Amino acid sequence: MSKANELKIIARARRGCGQAFRELVDAYKERLFAFVWKMTRNHHEAEDVCQAAFVKAYQSLNSYNENYAFSTWLFTIAYRICLNQLRKKRALSGEVDFSRVDGRQPDAALSVSGSEEARRLRTLIWDAVDKLSPPQRTAVLLFYGENQSCQDIGMVLGIPAVTVKSHLHRARAKLKTVLSAELVDDWMAVRDLRDSRSA
Amino acid sequence: MNCRDAEQFFDAYLDGELDGSLRLEFDAHRLRCRDCQRQLAMLESFEHIIAGDRRGPTLSDDFTDRVLGEIDRRGIRPARVLLSRRFVVPAAALLPAAAVLLLTFAWPVSHTSLPGSLAPPRDESGFVVLDPAELDTAMQDPIRLHDLILGEAERFWAARGNLASEASAIPSYVMNLLPHDVANTPIVSPLDALRGLFAPGVPPIQAPEPTSADEFSL
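Residues numbered from 1 in each chain as written. Chains lettered and ligands numbered in written order. Predicted model: local features only at pLDDT ≥ 70, side-chain atom pairs only at ≥ 80, totals over all residues. Heavy atoms only, no water.

**Student:** Can you lay out the overall build of chain B for me, pointing to particular residues and giving the numbers?
**Tutor:** The secondary structure content of chain B amounts to ten helices and zero strands. Each helix and strand of chain B, ordered N terminal to C terminal, gives the series α-α-α-α-α-α-α-α-α-α. Looking at the 218 residues of chain B, the share that counts as buried comes to 28%. Once local pairs closer than 6 in sequence are excluded, the contacts in chain B between residues at least 24 apart make up 53%. When the accessible area of chain B is evaluated, it comes to approximately 14900 Å², of which 60% is carbon and sulfur surface. (Helix = DSSP H or I, 4+ residues; strand = E, 2+ residues; numbered from the N terminus. Buried < 20%, exposed > 50% of the residue type's maximum accessible area, 1.4 Å probe, protein only. Contact = heavy atoms within 4.5 Å. Areas by Shrake-Rupley, 256 points an atom, 1.4 Å probe, with all protein chains shown as cover.)

Spelled out as structure tokens, the structure:
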């Protein structure tokens with residue numbers, strides 16, 4: 001959806017047009033859910049948070065500043081609801097919920113070394129991500145998963161872009177500490193396989 | 001470059017911000033150090049997995065209907081914003097200043113109509129006098145505050161007159177420093193123009209008479 005079209009839809013939604021807001025929900029719900037699920041690690045909670053975020057966004061639509069991306073604003077609302085939820089539960093890390101994992105193929109590079117190995121590596125990485133603090137986890141998910149800039153992530157977290165970068169670097173350092181002892185040989189194997197396939 | 005040095009540049013390398021001679025040194029170390037290669041490979045792979053992993057539960061098919069259903073059920077509408085926050089904050093900051101100006105200039109205070117006990121005290125020069133010990137109390141009282149502002153304004157206006165007469169003396173000091181021939185050239189006459197501007201009642205300055213030892217003193 002282009003920015004111009006999106007602004008027209010937002011303008012219609014502001015006037016109370018339900019169909020216009022439906023289009024906005026459909027445009028962003030998958031991305032928002034993916035992010036919230038990775039934060040909460042609970043399917044039903046993630047849906048509740050996303051629903052609350054969209055309702056809040058509709059209610060506050062007139063205070064949305066069009067100089068910023070709508071996704072950034074929406075993710076900011078969802079992040080704050082997530083934080084409240086996490087504080088209530090005090091669940092900063094949890095078991096990975098594979099109850100409704102879909103059947104998509106794993107990454108091509110990892111599948112070369114065996115699906116079991118790929119699953120083990122992925123689980124280790126996500127377990128390490130789950131152990132990060134909420135701001136660090138959010139920075140990692142939005143930077144690598146959503147390709148958002150440090151400036152946009154800073155808006156979501158309410159911190160300067162330079163602090164976002166600091167969070168990313170600290171997250172990297174923590175992940176290196178957690179993973180390096182487990183996967184010293186595996187990463188080299190993955191890297192060599194990826195290089196040989198791309199040659 | 002050793003491993004400890006190279007590790008400090010991991011973030012810059014992965015962020016694409018390492019260049020120049022440092023990049024050359026870093027690459028030279030990376031190519032021969034197996035341990036650093038492993039660590040970098042791990043960090044790069046982790047980033048690719050985070051970016052590329054779309055596995056996870058799927059959203060319910062009726063999610064959008066549920067969102068709109070909740071909005072209808074609760075009768076939620078986009079809240080109206082009457083004033084932009086950009087205007088509310090400066091307006092709130094200017095409000096006290098506007099109130100002071102209003103009290104100062106619009107308050108119908110006339111000292112001639114006030115009873116003698118409420119008229120502000122004045123010294124022999126006619127300036128409003130306010131005891132410093134009573135300043136805090138005066139700040140809370142609009143009438144006393146009005147008198148205070150009036151007194152300060154009168155004091156400033158009187159000082160202006162003194163300043164003007166003192167400023168007009170400066171050109172004469174400058175004229176005494178300059179030799180006779182320079183003082184009579186048109187270059188110096190702008191000083192006279194300044195005198196006319198600041199102290200129009202003061203007579204023009206006469207250049208000093210040349211002396212036998214008329215040397216440049218500057």
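The discussion continues.
**Student:** Explain the overall build of chain A to me, and be specific about the residues and the numbers.
**Tutor:** Within chain A, the secondary structure is distributed over ten helices and zero strands. Taken from N to C terminus, the helices and strands of chain A fall in the order α-α-α-α-α-α-α-α-α-α. Counting across all 199 residues of chain A, residues that qualify as buried make up 47%. For chain A, the proportion of contacts with a sequence separation of at least 24, taken over those separated by at least 6, is 68%. When the accessible surface of chain A is summed, it comes to about 9500 Å², and 50% of that surface belongs to carbon and sulfur atoms.

**Student:** Account for unusual backbone geometry, with residues named and values stated.
**Tutor:** All names here are of chain A. Its identity is not glycine, yet Arg-41 carries a phi of approximately 60°, on the positive side. Structurally, Arg-41 is set in the loop between helix H2 (18-40) and helix H3 (43-59). Taking relative accessible area as the criterion, Arg-41 reaches 8% and is therefore assigned buried. Its identity is not glycine, yet Asn-147 carries a phi of approximately 55°, on the positive side. If you trace the backbone, Asn-147 turns up in the loop between helix H7 (134-145) and helix H8 (150-157).

**Student:** Give me the lowdown on the packing of aromatic side chains, citing residues and values where you can.
**Tutor:** The description of two aromatic rings rests on the distance between their centres and on the angle between their planes. Tallied over the entire structure, the rule returns eleven aromatic pairs over all chains. Between A:Tyr144 and B:Phe46 the ring centres are 5.8 Å apart and the planes differ by 70°, which places this aromatic pair in the edge-to-face class. Residue A:Tyr144 is found in helix H7, and its partner B:Phe46 is found in helix H4 (residues 34-52); the two belong to separate chains. Just as A:Tyr144 is buried, B:Phe46 falls in that class too. Between B:Tyr13 and B:Phe26 the ring centres are 4.9 Å apart and the planes differ by 35°, which places this aromatic pair in the tilted class. In this pair, B:Tyr13 is assigned in helix H2 (residues 10-14) and B:Phe26 in helix H3 (residues 20-32), connecting sequence segments 13 residues apart. Accessibility classification places B:Tyr13 together with B:Phe26 in one group, the buried group. Cation over ring: A:Arg41 sits above A:Trp37, and NZ or CZ is 4.6 Å from the ring centre. (Phe/Tyr/Trp six-rings, centres within 6.5 Å; stacked < 30°, edge-to-face > 60°. Lys NZ or Arg CZ within 6 Å of the ring centre and 35° of its normal.)

**Student:** Please set out the pattern of salt bridges residue by residue, giving values where relevant.
**Tutor:** Following the criterion strictly, the structure yields 17 salt bridges over all chains and no others. Between A:Lys165 and B:Glu17 there is a salt bridge, and its shortest N-O distance comes to 2.2 Å. Residue A:Lys165 is located in helix H9 (residues 161-180), and its partner B:Glu17 is located in the loop between H2 and H3; the two belong to separate chains. Residue class for A:Lys165 comes out partly exposed when judged on its relative accessible area of 26%. (Salt bridge = Lys/Arg side-chain N within 4 Å of Asp/Glu carboxyl O.)

**Student:** Requested: an account of the interface of chain A and chain B, with residues and values cited.
**Tutor:** On the chain B side, the residues contacting the 50 residues of chain A number 44 residues. Interface area, chain A with chain B, both sides summed: about 4900 Å², of which 60% is carbon and sulfur. Linking chain A with chain B are 17 residue pairs in polar contact (both at pLDDT 80 or more), by the criterion used here. Listed by contribution, the elements that provide at least two residues to the side of chain A that touches chain B are helix H1 (3-14), H2, H3, helix H6 (115-130), H7, H9 and helix H10 (184-198) of chain A. By residue number, the principal contributor to the side of chain A that touches chain B is H2(A), which donates ten residues. In terms of residue class, the side of chain A that touches chain B is made up of 23 nonpolar, nine polar and 18 charged. (Buried area = accessible area lost by both parts, 1.4 Å probe. Polar contact = N/O pair within 3.5 Å; in protein donor to acceptor, adjacent residues only side chain to side chain. Nonpolar A, V, L, I, M, F, W, Y, C, P; charged D, E, K, R; others polar.)

**Student:** I'd love a proper account of H8(A), names of residues and values included.
**Tutor:** All names here are of chain A. Among the residues making up H8, those that are buried are Cys-150, Ile-153, Gly-154, Val-156 and Leu-157. Angular distribution of buried residues about the axis of H8 spans 160°; they occupy a single face of the element. Immediately beyond the C-terminal end of H8, within one or two residues, lies Gly-158, with a positive phi of roughly 75°. (Arc of directions from axis to C-beta.)

**Student:** If you had to explain the side chain of A:Thr138 to someone new, which residues and values would you point to?
**Tutor:** Residues and elements named next belong to chain A. Looking at the element boundaries, Thr-138 is found in helix H7. Given a relative accessible area of 0%, Thr-138 falls into the buried group. For Thr-138, the contacting residues outside a window of four places in its chain are Phe-35, Met-39, Tyr-79 and Leu-157.

**Student:** Any chance you could break down the confidence of the model for chain B for me, citing the residues and the numbers?
**Tutor:** Residue and element names in this part refer to chain B. This prediction gives chain B a mean pLDDT of 70; 45% of its residues lie at or above 70. In the predicted structure, residues 110-117 sits below a pLDDT of 50 and forms seven contacts with residues beyond four places in sequence or in another chain. Two summary scores accompany this predicted model of the complex, namely pTM at 0.57 and ipTM at 0.74. (pLDDT = per-residue confidence, 0-100.)

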